[in-house]
Amino acid sequence: MRSIAIVTGASSGVGGEFARQLDQGAGGALDELWLVARGAERLEATRAQCSTPCRVFALDLTRPQSIDALAEALDEAGARVRWLINSAGFGRFGSFGSISRDDEVNMVRLNCGAVVGLCHLALPHMDGGSCIVNMSSVAGLAPQPELSCYSATKRFVLDLSRTLNYELEPVGIHVCAVCPKFMDTGFLANAGDARAVRRMTTIGYEQPRRVVRKALAAAGRGSATCVPSWDAKFIHVAVKLLPSALTLHAQDLLFTLLSGV
Ligand SMILES: NC(=O)c1ccc[n+]([C@@H]2O[C@H](COP(=O)([O-])OP(=O)(O)OC[C@H]3O[C@@H](n4cnc5c(N)ncnc54)[C@H](OP(=O)(O)O)[C@@H]3O)[C@@H](O)[C@H]2O)c1
């Protein structure tokens, strides 16, 4: 049976990097890569960088019909899903009321709904050794001021991944949530309130290549979470000890001190 990897968000940033590293063999032998995002041309650009045969699916994953189309394609292909990478996602910075209702709702549809839909459609085609990698964020480790809806979606991804990893352990399927800091990708180019972006990105950036390498390794060894940077690891521990109101105040103060705004 053919082994495939499905990578959402493969037209840009982290998803593109996952596609390239899987193409180079970082996740074992694969017969095909399935690349998913809205932009057909940019998906073709990712395909052009891969030597593994690719299928391109130009789909808007906020639409239930897109999830249905992928489910049908997978049933027809009868392939084994070795990797499912849920990287498609977006975030809007700013106070809750300053972000449009469409953006808030679509963040939930894409960052949570599509992840649930894809896990559900892929699982019947997975077996022992298959892995799901879900892009969460450092924002999923603690509620974030001026990133309320986005951080809540990433918390959802984190908790879903932890529970699925536990439930699926007996059949040898691993599910890992990845919680990086900011990365200089398309994500930040269109993220809304520039002042809020400037304040929060003072915690620093990570390199997508390193994050993806660590994520594939963590998923392969069965870790439910991958927190690549040392300071995000510190946040991970600190928020377990502090009440959430104090966590919000502490982050607000930290961003003000670091950014000066
Ligand atoms: N960059 C960061 O600072 C950062 C930090 C922590 C976590 N993350 C998470 O990492 C993941 C990848 O982000 P990135 O940095 O690679 O951002 P990116 O460069 O903006 O890539 C986002 C990808 O999602 C796709 N996408 C967006 N809306 C879509 C939709 N409605 N349907 C299907 N695909 C859609 C985009 O392609 P199209 O526009 O062609 O659809 C693109 O391929 C996201 O889940 C993000 O939340 C990012």
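Because the structure is predicted, anything quoted here is derived from the model rather than measured.

S.K.: What's the story with a positive patch on the surface in this structure? I'm lost.
M.R.: A cluster of like positive charges, contributed by R213, K214, R221 and K233, occupies part of the molecular surface. For R221, the position within the fold is in the loop between helix 8 (208-220) and strand 9 (225-226). Relative accessible area serves as the criterion here: at 60%, R221 is assigned to the exposed category.

S.K.: Honestly, the packing of aromatic side chains in this entry has me stumped. Any pointers?
M.R.: The geometry of an aromatic ring pair comes down to the distance between the two centres and the angle between the two planes. One pass over the full model with this rule turns up four aromatic pairs. Judged by centre distance (5.9 Å) and plane angle (40 degrees), the rings of F93 and F182 are tilted. Taken together, the residues span a long stretch of sequence, with F93 in the loop between strand 4 (80-86) and helix 4 (101-122) and F182 in strand 7 (residues 182-183) at a distance of 89 residues. Since its relative accessible area comes to 2%, F93 is described here as buried. Here a set of aromatic residues connected by ring pairs shows up, and it is made of F93, Y150, F182 and F187. Residue placement shows R55 over the ring face of W34; its charged tip is 4.8 Å from the ring centre.

S.K.: Quick question: what am I supposed to make of the sheet that holds strand 1 (residues 3-8) here?
M.R.: What holds strands together in a sheet is hydrogen bonding between their backbones, with the strands either parallel or antiparallel. Within the open sheet, the seven strands sit side by side as 3-2-1-4-5-6-9. Their pairing is parallel. Because the sheet does not close on itself, it has two edges, and the strands there are strand 3 (54-58) and strand 9. Of the strand pairs in this sheet, strand 2 (residues 32-37) and strand 3 are connected by five bridges, and their pairing is parallel. When the bridges of strand 3 are listed, L33 appears paired with C54. Running at roughly 175 degrees to strand 4, helix 4 makes contact with strand 1, strand 4 and strand 5 (131-135) of the sheet.

S.K.: Which parts of the structure should I look at to understand the side chain of S136?
M.R.: One can find S136 in the loop between strand 5 and helix 5 (148-168). Overall, the relative accessible area of 3% leaves S136 in the buried class. One polar contact links the side chain of S136 to the main-chain carbonyl oxygen of K154, over a distance of 2.8 Å. If we skip the residues at most four places from it in the chain, S136 touches K154, V157, L158, A177, V178, C179 and P180.

S.K.: For this particular structure, what's the right way to read helix 1 (residues 13-23)?
M.R.: Each α-helix winds once per 3.6 residues, and so residues spaced three or four apart point in a common direction. For helix 1, the tally of buried residues reaches nine of 11 residues, placing the bulk of the element in the interior. Of the positions making up helix 1, those classed as buried are V14, G15, G16, E17, F18, A19, Q21, L22 and D23. Following helix 1 by one or two positions, G25 adopts a phi angle in the positive range, close to 95 degrees.

S.K.: Whenever I open this one, the site of the ligand confuses me. Can you help?
M.R.: Residues in close proximity to the ligand total 30 residues, the closest being S12, R38, Y150, M183 and T185. Contacts to the ligand include R42, whose side-chain N or O atom sits 3.2 Å from an oxygen atom. At a separation of 2.6 Å, an oxygen atom of the ligand approaches a polar side-chain atom of Y150. Compared with its free state, where it exposes 880 Å², the ligand has 94% of that area covered by protein. Secondary structure elements with two or more residues in the shell around the ligand: helix 1, helix 5, strand 7 and helix 6 (186-189). Of the residues contributing to the shell around the ligand, the split by class is 13 nonpolar, 12 polar and five charged.

S.K.: Sorry if this is basic, but what is going on with the side chain of R82 here?
M.R.: If you trace the backbone, R82 turns up in strand 4. The side chain of R82 is buried and forms no salt bridge, while D127, the nearest opposite charge, is found at 7.4 Å. The contact partners of R82, leaving out residues within four places of it in the chain, are S3, I4, G27, L30, G129, S130 and C131.

S.K.: Would you take a moment to explain the nonpolar core for this structure?
M.R.: Looking at soluble globular proteins, one finds that nonpolar side chains tend to be buried together. Formed by 50 residues in total, the largest nonpolar core has its most connected members in I6, L61, L70, V81, L84 and F93. Within the residue set of this core, elements represented by two or more residues are strand 1, strand 2, helix 3 (64-77), strand 4, helix 4, helix 5, strand 6 (174-178) and helix 7 (194-200). It is helix 4 that provides the largest number of residues to this core, a total of eight residues. Residues within four places of I6 in sequence aside, it is in contact with W34, V36, L74, V81, W83, L84 and I85. One finds A5, A19, L35 and M183 within the second-largest nonpolar core, a separate group that totals 29 residues.

Parameters and conventions
Residues numbered from 1 in each chain as written. Predicted model: local features only at pLDDT ≥ 70, side-chain atom pairs only at ≥ 80, totals over all residues. Heavy atoms only, no water. Patch = residues over 30% accessible without salt bridge, like charges linked within 9 Å, V, L, I, M, F, W, Y side chains within 5 Å. Areas by Shrake-Rupley, 256 points an atom, 1.4 Å probe, with all protein chains shown as cover. Salt bridge = Lys/Arg side-chain N within 4 Å of Asp/Glu carboxyl O. Lys, Arg positive; Asp, Glu negative; His and termini not counted. Charge placed at Lys NZ, Arg CZ, Asp CG, Glu CD. Helix = DSSP H or I, 4+ residues; strand = E, 2+ residues; numbered from the N terminus. Buried < 20%, exposed > 50% of the residue type's maximum accessible area, 1.4 Å probe, protein only. Phe/Tyr/Trp six-rings, centres within 6.5 Å; stacked < 30°, edge-to-face > 60°. Lys NZ or Arg CZ within 6 Å of the ring centre and 35° of its normal. Pairing = 2+ DSSP bridges. Contact = heavy atoms within 4.5 Å. Axes fitted to C-alpha atoms, helices over the stretch in contact; angles between N-to-C directions. Polar contact = N/O pair within 3.5 Å; in protein donor to acceptor, adjacent residues only side chain to side chain. Near = heavy atom within 4 Å. Nonpolar A, V, L, I, M, F, W, Y, C, P; charged D, E, K, R; others polar. Core = buried A, V, L, I, M, F, W, Y, C linked by side-chain atoms within 4.5 Å.

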